[in-house]
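Chain by chain, the residues run as shown.
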Amino acid sequence: MALLGNLTGSSQFFNPGNFYNGVATQSLRFNDETAHKLTKDFSGSSPDNDKKMTISVWAKRGNLATGGTQAILANYNSVRFLGELAWDTSTDKLRFDPGGNGDGSSNSYRVETTALFRDVSAWYHIVLAYDSTQGTDTNRVKLYVNGTQQTLTAPSGQSFPPQNYAHLYSYAGANNTIGEFGAGFDSGNLDGYLSEFNFIDGLTLDPTYFGEAKNGIWIAKKYTGSYGTNGYRLQFDQVGVGTASTSTIGADTSGNNNHWTSSGIEAYDCAVLDSPENNFMTFNPLMRQSQGSNFPVTHEGNLQAQFAGFDQYKYIWSTFDIKPNTGKWYFEVEMQTNMGSTNDIAYIGLGTVGPNFSPTASNGTVGPTNFYITWRGNTGVRTLYVNDAGQSQTTVTVTNLTAGQIWQFAIDTDTGKVWLGLNNSYYAADGGTDGNPSAGTNESGTFSTNTNELSFFGQALNYNITNFYYTLNAGQDSSFHGNKTAQGNTDANGIGDFYYAPPTGYKALCTANLPEPTIGPNSATQADDHFNTVLYSGNGGTQNITGFGFQPDWIWDKSRNNTFSHMLVDSSRGVGKYLRTNTNGAEVDDASILTHFISDGVTVGDINGNASGSSSVMWGWKANGGTTSSNSDGSITSTVQANTTAGFSIVTATSPSSGTWSVGHGLSKKPDMIIQKYLASSSRWTVWHNILTSGQYLGLNESNAIASSGTPFNFNITDSVIGGNANYDATSTAVVYYVFHSVEGYSKIGVYNPNNTTDNAFVHTGFKPAMVILKGAEINNQEWGILDNKRPGYNSVYFLQPQSTAAESTSNIVDFLSNGFKIRETGGVGYLTSNYIYMAFAEAPFKYANAG
C-alpha cells in the first residue's frame, strides 16, 4: 500500500526519486570457472563470542550450475571441519553449516531453507543470525532473505547445532573464504555478485539492522552498530587486488582493519556497477533453448554465454525486455571466438518477446515470426537480417572477421529504428556504414513502436569448433572481463562503463534508467493498493477478513484444503450475491455469505472459505470503492465501476432479446481479457483474450481448448466498448463482465509456449508477480491454474483450479521471479507444448523488485 512518508532517503545520484539510501552501489563479481576468492586467517585474535554472530550480504546469482555448492562464505582448518553459507546448486536452497567444534571429528550440523532461490535477474539480501546459546534448537540458526525469515530444516543425517556450539567463522587459525568452498579445496566456486558484506562478531541481529522495507521493497541501509573485534564491512569499492590493504578489493571499512586478500580476482571484477541499487541486464540462463542436446551455459556473472557441442541451433535471451516508447537504449557484445568455417554461424540480435520464437535451421535464419533483427556472422561475412513479416536482408562483407570484435546495438523505441554497429561503424539498411543513431538517420531496420516488446538474444551453430563465446556489456564492464582495455564511457545519464561512447541520448539497460511506473513503490500508488491476496482460517461463524490494504470491490474466495466451490462477490452486484466459477449455475442470493465490504477487506459468514477448519485464500481487486456510474458508450446502457489506473472494471448490463450489441467498459484503452457470466441462466463462464480471433472464446468453468461454436462476443471490442451477442446462450438476461487491460509494471496479459520439459518456458512480465492465472488454449483437458505469492510452496508455487472444486495442488510447477515467472515441471498446469494464455498481477515492478 502507499506509504508516501517513506519516499525519502539519502541522496542517490542516479535516482531522482531518492528511493535508495546509497549504501550498496557496487559489487564484486565471481566466476565459477576459476578460483575467484577472498581469504583471511584471523590469527592473533579470537572472536568476542564464538556462540553468536551475524552475517549480512547482498547477492545476485550467476549460473545455476547443478551439483555441489556455490559458496558465499566458508571456513576450514586442520582440526575444525568445514563450515559454509552457500547455495546448494543441486536444490537451489540456501544452506548453512557452522563448521567443526575443534574436536577433530566431522560434524553433522547443517540446516537449509525449504524455499528455492533460482532468480538470476535481481538481488537477494541474506542475513544469517547465529546464537547457539538458545535452548530451542530451531532458534539457534535463523536465515532471512529480503527481510523475511525462512523456514529451515535439517537434511537427512544432519541436525541443528547443539547448544553452545562454537562456530568457525572469524576464528583464529581458520581459513575464512568468500566465493569458494574453502581454502585448499578450490571448489564450490561462486558465480555471480556480492555487495555490502557485513560480519558482526559476538552479536545476533535481525535484518532491520542492515535493511528496511520501503513501500514493499527491501532496500539496504548502513549498519551503524558495533562490529566486535573480528567483525568487518566489505563495500567492494576498491579496484586493487592481491595483498590485503585499504586500497584492495578486500578492504574492511568497519574500522577494524580486518582486510582480506584476493586471489584470482582482477581489477575488472572489482567495483562493478551492477548493484542492489542499480541492477544491470545480463544473459538469462532461465530463458534458453536448443534444437539438440546442448544448451547454452553462462559464466562471469551471466555476462558470458558459452555455446558448446556439435549440434543444431542454441540460443539464450537476456534479463531485460525493451518496452515500446521508453526512449533510446544501447549495449555492446564481444564475439569472443573465431569461427572455424562457413558452417559455424553466430547470431546476436533483437527479437520480440513472445511465444513464437524458435530457432530454425531450415532457412539459416533465426527469430520470431513477426520481428527480428540480427547480425549473423560466419567466416568472412556478416549478414544483417531484418524480418518484419516480409523477410528482408542486407549482406555486409567483412574482410577481417576475428575474435574480439565488438558488435553494438542502438535501439530507439520511440521511432522504431534500430542501428547495428561493428567496431563503432553503424550499418544502414542498404549495407553502407553511414548509419547515425545520434542523428537518427540511415538505420539498419525498423520495428513497430506500438506492439513490439524486444529482448536481446545470442545464438550459435557449432560444426567445427567445440565452444563459441559471447561476452555482453550492458554498461557493467567495458573490459569485457579483461579481453579489452576498459574505456569508461558513460550513457546519456552519466551511468555505465562502455567501450565505445553511446550515441547521443542513448542509455544503459539498467534499472536506474527504466521509466518510473505509474503504479510502483516510488509512485503515489502501489501494486497492493489495487490487488492483494489474503490467507485466513475459517471459523464457521462470522469474521472480518482483512489485510488487503484497501476496500476490495471484487473478491474471489476458495478453501485450499476442502473441495468447496470458488465463490465470487463484487460490490456492483452487492453483498450476498455470489457466483461460482466451477459451475455454469446462476447467481445465488444469500445474505449470509458476505455481509459488508469494509475499509480493509470484507465481513463474511457462510462463505465456503469460512467453514470451520478451512484453510482459505481470498483474492481482492479494487474498482471504485463500490461507486458505480451509468455508461452509454455502447448500444445499450451499462453500469460501470472502473479503476482506470489499474486497468480493471466491473460492468453489468441486461442483454437485448436478440442480435448483437455493445456496452461501455469504462477503461481508457482496449481490454486484453474479459471474463463474462450471465447471472440468471445456466450459461457458461466465457473468457475473451487478446490472442483470440473472431468467434473464439474459452470457458472459465471447463478445461476445453478454444471454442468457436457460437460466440458470446461479437468482437466489437474497442477502447470504449465490449461487443455482446444475445444469440449465444441468453436473451434479456443480466450479465456481468470483469474487464482487464495490461498496465506497465503492474499487470500483464499475454501468451507463452512451454516445451514440456523441466527447463520449461520463462515468461517475461516486467515485474515480480503476486498472482498468475493461466490456461492452455489449444489442447483439451488443460486446466486453468491460479497461483499467488502468499501460499506455501513459493518458490515453487502451489495452484488452484477455477473450473474445479479440487483442493490446492502442491505440485511445484512455477517460480515467481523478479521479472516474470518460470514454468518448472512437466505436470500440473501450464507445461505442455501449445499456446498458453495468462493474466498476471504484480508484487513489484522489475525496476525495484528484489530477487524471488
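This structure is a prediction, so every number in the text was calculated from the model and none was measured. (Residues numbered from 1 in each chain as written. Predicted model: local features only at pLDDT ≥ 70, side-chain atom pairs only at ≥ 80, totals over all residues. Heavy atoms only, no water.)

> Sorry, what's going on with the overall build of the chain here?
Broken down by element type, the chain carries zero helices and 60 strands. Put simply, the chain has 852 residues, and 62% of those count as buried. A separation of at least 24 residues holds for 68% of the contacts in the chain among residues at least 6 apart in sequence. Element-wise, carbon and sulfur atoms account for 42% of the exposed surface of the chain, whose accessible area totals about 26500 Å². (Helix = DSSP H or I, 4+ residues; strand = E, 2+ residues; numbered from the N terminus. Buried < 20%, exposed > 50% of the residue type's maximum accessible area, 1.4 Å probe, protein only. Contact = heavy atoms within 4.5 Å. Areas by Shrake-Rupley, 256 points an atom, 1.4 Å probe, with all protein chains shown as cover.)

> What's the story with the side chain of Gln 408 in this structure? I'm lost.
Here Gln 408 lies in strand β29 (residues 406-412). Looking at Gln 408, its side chain comes within polar contact range of the side chain of Tyr 426, at 3.2 Å. When near neighbours in sequence (up to four residues on either side) are disregarded, Gln 408 contacts Tyr 330, Phe 331, Glu 332, Trp 419, Leu 420, Gly 421, Leu 422, Asn 423, Asn 424, Ser 425, Tyr 426 and Tyr 500. (Polar contact = N/O pair within 3.5 Å; in protein donor to acceptor, adjacent residues only side chain to side chain.)

> Teacher, can you tell me more about the pairing of strand β38 (residues 554-559) here?
It is a general feature of regular strands that their side chains alternate between the two faces of the sheet. Burial within β38 is extensive, with six of its six residues counted as buried. Judged by which residues are buried, β38 turns out to be covered on both faces: Trp 554, Trp 556 and Lys 558 on one side and Ile 555, Asp 557 and Ser 559 on the other are all buried. Where β38 and strand β39 (residues 567-570) come together, four bridges link them in antiparallel fashion. Within the sheet, the bridge partner assigned to Asp 557 lies in β39 and is Met 567. In this sheet, strand β44 (residues 615-621) lies alongside β38 in antiparallel orientation, the contact comprising six bridges. (Pairing = 2+ DSSP bridges.)

> Which parts of the structure should I look at to understand unusual backbone geometry?
For residues other than glycine, phi is negative in most cases, and the peptide bonds are mostly trans. If you check the backbone angles, Ser 170 has positive phi at about 60° while not being a glycine. Considering the arrangement of structural elements, one finds Ser 170 in the loop between β11 (152-153) and β12 (175-178). Backbone geometry places His 481, a non-glycine residue, at a positive phi of 55°. Structurally, the position occupied by His 481 is in the loop between β34 (467-473) and β35 (507-508). Residue class for His 481 comes out buried when judged on its relative accessible area of 12%.

> I would appreciate a short explanation of the nonpolar core in the present structure.
It is characteristic of soluble globular proteins that their nonpolar side chains tend to be buried jointly. Core analysis: the largest hydrophobic core is formed by 55 residues, its most contacted members being Trp 554, Trp 621, Tyr 738, Phe 740 and Phe 821. Counting residues per element, this core draws most heavily on strand β60 (residues 836-845), which supplies seven residues. The next biggest cluster of nonpolar side chains, apart from the first, holds 46 residues, and it includes Leu 303, Leu 420, Phe 456 and Ile 465. (Core = buried A, V, L, I, M, F, W, Y, C linked by side-chain atoms within 4.5 Å.)

> Is there a simple way to think about the pattern of salt bridges in this case?
Working definition: two side chains of opposite charge can pair if their charged atoms are close together. Using the criterion set out here, one finds 24 salt bridges in the structure. Two residues, Asp 815 and Arg 118, come together in a salt bridge whose shortest N-O distance is 2.7 Å. Of the two residues, Asp 815 sits in strand β58 (residues 814-817) while Arg 118 sits in the loop between β7 (111-113) and β8 (124-131), which places them 697 residues apart along the sequence. Its relative accessible area of 0% is what places Asp 815 among the buried residues. We note a salt bridge from Lys 323 to Glu 453, for which the minimum N-O separation is 3.4 Å. (Salt bridge = Lys/Arg side-chain N within 4 Å of Asp/Glu carboxyl O.)

> Even after reading the chapter, I still don't get the sheet that holds strand β37 (residues 543-546), so can you show me in this structure?
Taken together, three strands build an open sheet; the order of strands is β37-β43-β42 and the sheet is antiparallel. Edge positions in the open sheet fall to β37 and β42 (594-598), since each of these has one partner strand only. On average, adjacent strands in this sheet sit at an angle of 20° to one another, irrespective of strand direction. Of the pairings in the sheet, the one linking β37 to strand β43 (residues 601-604) comprises four bridges and is antiparallel in character. Note on β43: the bridge partner recorded for Gln 543 is Val 604. (Axes fitted to C-alpha atoms, helices over the stretch in contact; angles between N-to-C directions.)

> Mind showing me how you'd approach the confidence of the model for the chain here?
In low-pLDDT regions, the fine details of the predicted coordinates are not to be read closely. The predicted model of the chain averages 87 in pLDDT, with 87% of residues at 70 or higher. Residue range residues 1-17 is modelled with pLDDT below 50. Its contacts to residues more than four positions away, or to other chains, number 46 contacts. Low pLDDT (under 50) marks residues 355-370, which in the prediction has 49 contacts with non-local residues, meaning those over four places away or in another chain. (pLDDT = per-residue confidence, 0-100.)

> What exactly am I supposed to notice about the pairing of β43 here?
Pairing of β42 with β43 involves four bridges; the strand directions are antiparallel. What sits directly across from Ile 598, in β43, is Gly 601. Between β42 and the antiparallel strand that follows it, β43, lie two residues.

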